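# Summary of structural features
Residues per chain, in single letters:
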Amino acid sequence: MNGRSDARLWFDNRFRSASASHSLYCFPFAGGSSAYYADWVHGFTGSVELVPVLLPGRGVRMSEPPATDLGLLADEIAEVIAAEPTEVLLFGHSMGAILAFEVSRRLSGQVRPVRHLFVTGRPAPTIVRPLSPVSDLPRPEFIQMLREYGAAEPAIFEHQDLLDVLMPMMRADFGMIERYRCRPGPPLSCPISAWCGDSDPEVPTATMRPWADQTAGEFRLSVLPGGHFFLNENHAEVIRAVHAASRQPRPQLPTRSS
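All values derive from a computational prediction rather than experimental measurement.

A few words on helix α3 (residues 95-107). Compared with the 18 Å implied by 1.5 Å per residue over 13 residues, the 19 Å span of α3 between its first and last C-alpha is a close match. With respect to burial, α3 is a largely interior element, 12 of its 13 residues being buried. Of the residues making up α3, those classed as buried are M95, G96, A97, I98, L99, A100, F101, E102, V103, S104, R105 and L107.

Right under this line is the structure:
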């Protein structure tokens, strides 16, 4: 296994459990990092372990250039997850939802495909977002967009030196999702569970419903109180759904006649 395919590089392994039968790989939103999911650890004390995904250009990988191609990023992550021994559950919020989806696609042909895909706060992959490019906005306008988006703690905007460090990664993330286009392909075999906030201006409920077209399995959509980061107050519901999914037998899809 080469260095780029090393699980120690891609995953925050602090919360691993030797007794876990399932792993929930959590993908960050644009401008976010694996640290966002650290507070979830108390919800994972049984057969499901929490595995935040470490992306280049942030956190312990700050010295690396950020990714600029979502498809290539999904290729690398899928290669690492394919070598993992546990059942695979994937979760992503906003940009992370699309990245989790593309990783699911790449794992669909593996011996051990994804067991369940959980997505929040992102329109279905066929719906282009953002509506207009933002990654190349002048600094003041880009910072204002970040404030409105809610991707960073308000205190960060008071520290210009810190913003200087984070800005390339944030611009790269938004550029990556601006260029993303969903390629036609067969639906996933795993179920998809989706959530959105009832007051999220970027993700109306109607834009979440077409996620159903991306699976041949069960689809469930839930609307919760809140805006784009409704997850901050509602992640316990997602955690409950993850544990419930881990207890379900793997669905047997009907064989399609030729």
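Strand order across the open sheet formed by six strands is β2-β1-β3-β4-β5-β6, with parallel pairing between neighbours. Where the open sheet ends on each side, the last strands, each with one partner, are β2 (48-52) and β6 (219-224). With strand direction ignored, the average angle separating the axes of adjacent strands in the sheet is 15°. Along the sheet, helix α7 (residues 231-247) makes contact with β1 (22-27), β2, β3 (87-93), β4 (116-120), β5 (192-197) and β6, crossing β4 at roughly 170°.

Going through the model one piece at a time under the given rule, you end up with 12 aromatic pairs. Residues Y37 and F91 carry aromatic rings whose centres are separated by 5.9 Å and whose planes lie at 85° to one another, so their mutual orientation is edge-to-face. Taken together, the residues span a long stretch of sequence, with Y37 in the loop between β1 and β2 and F91 in strand β3 at a distance of 54 residues. Take F91: its relative accessible area is 0%, and that puts it in the buried class. A centroid spacing of 6.3 Å and a plane angle of 20° characterise the contact between F118 and W195, whose relative ring orientation is stacked. Highlighted residues: F118 in strand β4 and W195 in strand β5, separated in sequence by 77 residues.

Glancing now at unusual backbone geometry. R129 connects to P130 through a cis peptide bond whose omega is -5°. With respect to the element layout, P130 can be found in the loop between β4 and α4 (139-149). Unlike most non-glycine residues, S94 shows phi in positive territory, near 60°. Within the secondary structure, S94 is located in the loop between β3 and α3.

What counts as what
Residues numbered from 1 in each chain as written. Predicted model: local features only at pLDDT ≥ 70, side-chain atom pairs only at ≥ 80, totals over all residues. Heavy atoms only, no water. Helix = DSSP H or I, 4+ residues; strand = E, 2+ residues; numbered from the N terminus. Expected span 1.5 Å × (residues − 1). Buried < 20%, exposed > 50% of the residue type's maximum accessible area, 1.4 Å probe, protein only. Pairing = 2+ DSSP bridges. Axes fitted to C-alpha atoms, helices over the stretch in contact; angles between N-to-C directions. Contact = heavy atoms within 4.5 Å. Phe/Tyr/Trp six-rings, centres within 6.5 Å; stacked < 30°, edge-to-face > 60°.

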